[in-house]
Amino acid sequence: MEVCVNSTKLLNLNQNTRLFVPRNSISHSFKNPILQFNNNIQKRPLNYPLNQRSCFSRQIRLLQRPISSRIKASPASSATSGAETDKLPADIMVTETQEPNSRVRLSVEVPAAVGEDCYKRVLKEFMKQAKIPGFRPGKIPESVLLNYVGEESVQKATVESILKRTLPHAMSTVTGRALRDSVRIITKFSDMEKSYSSLSSLSYDVIVDVAPEVKWISENGYKSMKIVVEIDHDIEAEKACEQEIKRRHKSLGTLKIVTDRGLQVGDLAVLDISATTIDQDESNVQKVPAAESKGFQFDTEDDDKVLPGFLDSIIGIRQGETKSFPYVFPETWQQENLRGVEAQFTVECKELFYRDLPELNDSIADNLFPGCTDLNQVKESLLQKCQEMEQAAKDQATDNAILDQLCKMVEIDIPQSLFEEQGRQLYGARLLEIQANVKLNEQQLATLSSPKAVNEFLENQRENIINLIKQNLAVGDIFKRENLQFSTEELVKEVQNSVAEFKRHKQEYDEERVREQVQDVLEGAKVLEWLKEHADIQYVTR
């Protein structure tokens, strides 16, 4: 029922930290291709196996890779999918051009000498594999071999060989900067074939994302941050403790049907609610969908969670009775389209119950909080827990305020590949959450994991994703600038705890990736701790 209040209380704030949180290969027609190379390295869509939910979950979990692992993986060899650098008979020429979004274009010119050497290697490999009657492997004349396998196949394989051998050399110009898995050859393979066949040389362009630079609007502004943290004033540990005792006491009661009176405070009613707008022109009267609810369980002691004055309008209603009354939505109501709207509510009481509660004394202490022998112990134990929750929520609100402020203090030209990867991580986490709460069938999983669904999420959450990347990169930059450290013991302990958690749930994991994620979390914790010590933090109530 949407007429219920959804205000966020301090003790109910989200406890999740905001920190940390295929390829089209070139192939030729020869039945034994010897030199396969990927010239169009793209992001993999979230297109996971749908026959086993566990497999789906594991693959999404293994997808999670911290941003730092891509920034820190800088050797050129990692950018080219592990291709080894092969000595060339002549030097290639590489021209570097800076492009937007921390992207670099590499224009590669390959001299004819390299092409000729690759051509000879390709012929040699084909000779080893080809089985031509009357000729021993490796002793086949070039003209016979070309006639047998086709000049086009040899030419395609030669171009692939050129790419495979020269790309690592070209990528050496961005050593230390290239982001892992971001290399893409943008020149069409057919154009490279034409160039090679006519000129015996080759040229192609490569696009690669590089580690973005963190530019601080004010160079040392983060050292003296002024933070205003908003918290709810109506929830305090003492009050929360009293409410929790009351809730636990109510849970021990028995619901009994009310037969001889109408609704009063303390009762629980099951209501059917509907509402229409009030207008002198009856033809213009419309339903208010947000106010409609069937079988709404209304606890009269939770009056603060429904429309102001709603309880007063139905006090005294009996089971089976219907009440109708006018109501004007307050100007402060959360749904803007309903503010100030005049409506006519109709409420039918389907069932009415009262609670038969045990007396609140020491005899039920153990039921209220296991291990307690009297009410004083119950209050002390619950108060301690509420204080811990209150402090945790306050700390989380402070962390969030600091991270939000960091976003406004940096300018970062974010690479598209980094944006997409962070977005896919968030979407993967959302799918896991949906999967945990809802039993999805194969068709639903296929729809949710389709490229269209992922792209829509990326576009809708663009601002949030960009802010999250800024937070991560700003935190990492501060960690290095201030020479912050954490102990090896801390890292080992947290990695062991994380691995134990994966094993407990019988899930696959990559220990190196787990280590990277844990390192990011520890770095983030150290940075936030340092920023809190140096920041001017003010707490205000809403």
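Since the structure is predicted, the reported quantities are computational estimates derived from the model, not experimental observations.

S.K.: Just to check I follow, could you spell out the overall build of the protein for this structure?
M.R.: The number of helices and strands found in the protein is 17 helices and 15 strands. For the protein, the exposed area adds up to about 29,800 Å²; of that, 45% sits on carbon and sulfur atoms.

S.K.: Teacher, can you tell me more about unusual backbone geometry here?
M.R.: Most peptide bonds take the trans configuration, and most residues that are not glycine carry a negative phi. Unusually for a residue other than glycine, Ser-102 sits at a positive phi of about 50°. Relative to the helices and strands, Ser-102 is located in the loop between strand S3 (93–99) and strand S4 (103–110). Even without being glycine, Asp-181 reaches a positive phi, approximately 65°.

S.K.: How should I be thinking about the nonpolar core in this particular structure?
M.R.: Nonpolar side chains tend to gather and get buried jointly when the protein is soluble and globular. In terms of nonpolar packing, the biggest core is built from 46 residues, with Trp-216, Tyr-222, Met-225, Leu-406 and Leu-531 touching the most fellow members. For this core, the elements supplying multiple residues, two or more each, are strand S8 (226–231), helix H11 (375–409), helix H12 (416–437), helix H14 (451–460), helix H15 (462–481), helix H16 (488–504) and helix H17 (511–534). If we skip the residues at most four places from it in the chain, Leu-406 touches Trp-216, Tyr-222, Met-225, Ala-474, Val-475, Ile-478 and Leu-531.

S.K.: Looking at this structure, I do not really get the sheet that holds S4. What am I missing?
M.R.: Adjacent strands of a sheet pair through backbone hydrogen bonds, lying either parallel or antiparallel. A sheet is described by the order of its strands in space; here four strands give the open sequence S3-S4-S6-S5, paired in antiparallel fashion. Edge positions in the open sheet fall to S3 and strand S5 (184–185), since each of these has one partner strand only. Pairing analysis gives eight bridges linking S4 to strand S6 (residues 202–209), with the strands arranged antiparallel. Its bridge partner lying in S6, Arg-105 is registered against Ile-207.

S.K.: Quick question: what am I supposed to make of the UniProt feature "coiled-coil region" (unreviewed entry) in the protein here?
M.R.: Feature annotation in UniProt assigns "coiled-coil region" (unreviewed entry) to the following positions: residues 372–399. A helix fraction of 89% and a strand fraction of 0% characterise residues 372–399, whose end C-alpha atoms lie 35 Å from each other.

S.K.: What is the right way to read the packing of helix H4 (residues 112–129) against helix H5 (residues 142–149) from this model?
M.R.: For any two helices packed against each other, the geometry comes down to the angle between their axes and how far apart the axes lie. Relative to each other, H4 and H5 sit at 75°, their axes nearing to 11 Å. With respect to their mutual orientation, H4 and H5 come out roughly perpendicular. Between H4 and H5, the residues in contact are Tyr-119, Leu-123, Phe-126 and Met-127 and Glu-142, Leu-145 and Leu-146, respectively.

S.K.: What is the right way to read H17 from this model?
M.R.: Every α-helix winds through 3.6 residues per turn, so residues three or four apart in the chain are directed the same way. Under the 1.5 Å per step criterion, the end-to-end length of H17 is 35 Å for 24 residues, consistent within 8% with the ideal 34 Å. For H17, the complete set of buried residues consists of Arg-513, Val-514, Glu-516, Val-518, Asp-520, Leu-522, Glu-523, Gly-524, Val-527, Leu-528, Trp-530 and Leu-531.

S.K.: Help me understand the pattern of salt bridges in this model?
M.R.: A side chain with one charge can pair with a side chain of the opposite charge if their charged atoms come near. Scanning the model with the defined rule gives 25 salt bridges in all. Notably, a salt bridge pairs Arg-121 with Asp-117, separated by 3.6 Å at the nearest N-O pair. Separated by four residues within a single helix, Arg-121 and Asp-117 lie in helix H4, roughly one turn from each other. Taking relative accessible area as the criterion, Asp-117 reaches 23% and is therefore assigned partly exposed. Linked by salt bridges that have partners in common, Lys-250, Asp-299, Glu-301 and Arg-355 make up one network.

S.K.: What is the right way to read the pairing of S3 from this model?
M.R.: Each regular strand displays side chains that alternate between the two surfaces of the sheet. Relative to S4, S3 runs antiparallel, the two being bridged by seven bridges. Across the sheet, the residue bridging to Glu-99 is Arg-103, located in S4. Counting the residues between successive antiparallel strands, the hairpin from S3 to S4 contains three residues, one of them, Asn-101, with a positive phi of roughly 60°.

S.K.: Teacher, can you tell me more about the environment of Leu-167 here?
M.R.: Here Leu-167 is to be found in helix H6 (residues 151–171). Each C-alpha atom, one on Leu-167 and one on Val-108, is 8.5 Å from the other, the two residues being 59 residues apart in sequence.

S.K.: Honestly, the environment of Glu-512 in this entry has me stumped. Any pointers?
M.R.: With respect to the helices and strands, the residue Glu-512 is situated in helix H17. The exposure class assigned to Glu-512 is partly exposed, which follows from its relative accessible area of 48%. Sequence spacing of Glu-512 and Val-495 is 17 residues, and the spatial spacing of their C-alpha atoms is 9.5 Å.

S.K.: It is not clear to me how the packing of aromatic side chains should be interpreted in this structure. Could you clarify?
M.R.: The relation between two aromatic rings is expressed through the spacing of the ring centres and the mutual angle of the planes. Throughout the structure, instances matching the rule amount to 14 aromatic pairs. Judged by centre distance (6.0 Å) and plane angle (50°), the rings of Tyr-222 and Trp-530 are tilted. A residue pair is termed long-range when its members are at least 10 positions apart, and Tyr-222 in the loop between strand S7 (215–216) and S8 and Trp-530 in helix H17 qualify at 308 residues. The pair Tyr-222 / Trp-530 is uniform in exposure class, with both members buried. Their ring planes at 80° and their centres at 5.7 Å tell us that Phe-298 and Phe-310 sit as a pair that is edge-to-face. Residue Phe-298 is located in strand S11 (residues 293–299), and its partner Phe-310 is located in helix H9 (residues 310–314); the two are separated by twelve residues in the primary sequence.

Reading the values: the criteria
- Along each chain, residue indices are assigned from 1 in the same order as the chain's sequence is written.
- The predicted nature of this model means local features are confined to residues of pLDDT at least 70 and side-chain atom pairs, given and counted, to a pLDDT of 80 or more, with totals for whole chains, interfaces and linings taken over all residues.
- With hydrogens and water excluded, all non-hydrogen atoms of the structure serve as input to the side-chain values.
- Every helix listed is a DSSP run of H or I at least four residues long, and every strand listed is a run of E at least two residues long, numbered separately from the N terminus.
- For the area figures, the Shrake-Rupley method with a 1.4 Å probe applies, and any residue is considered shielded solely by the protein chains shown.
- To form a nonpolar core, buried Ala, Val, Leu, Ile, Met, Phe, Trp, Tyr and Cys residues must be joined to one another through side-chain atoms within 4.5 Å.
- Summary of the burial criterion: residues with accessible area below 20% of their type's maximum are buried, those above 50% are exposed, and those between are partly exposed, where the area comes from a 1.4 Å probe applied to protein chains only.
- It only takes one pair of heavy atoms within 4.5 Å for two residues to be counted as in contact.
- Two strands make a pair as long as DSSP finds a minimum of two bridges between them.
- UniProt positions are given in the numbering used here, feature names are shortened, and annotations may be inferred rather than shown by experiment.
- Between the N-to-C directions of two axes lies an angle of 0 to 180 degrees, each axis being a line fitted to C-alpha atoms and, for a helix, fitted only over the stretch in contact.
- Our angle categories are set so that under 35 degrees counts as roughly parallel, over 145 as roughly antiparallel, 65 to 115 as roughly perpendicular, and the remainder as oblique.
- For a helix, the expected span equals 1.5 Å multiplied by the number of residues minus one.
- Whenever a carboxyl oxygen of Asp or Glu lies within 4 Å of a side-chain nitrogen of Lys or Arg, that contact is scored as a salt bridge.
- Only the six-membered ring of Trp is used, alongside the rings of Phe and Tyr, when aromatic pairs are assigned; centres must lie within 6.5 Å, and planes under 30 degrees apart are stacked while those over 60 apart are edge-to-face, with the rest tilted.

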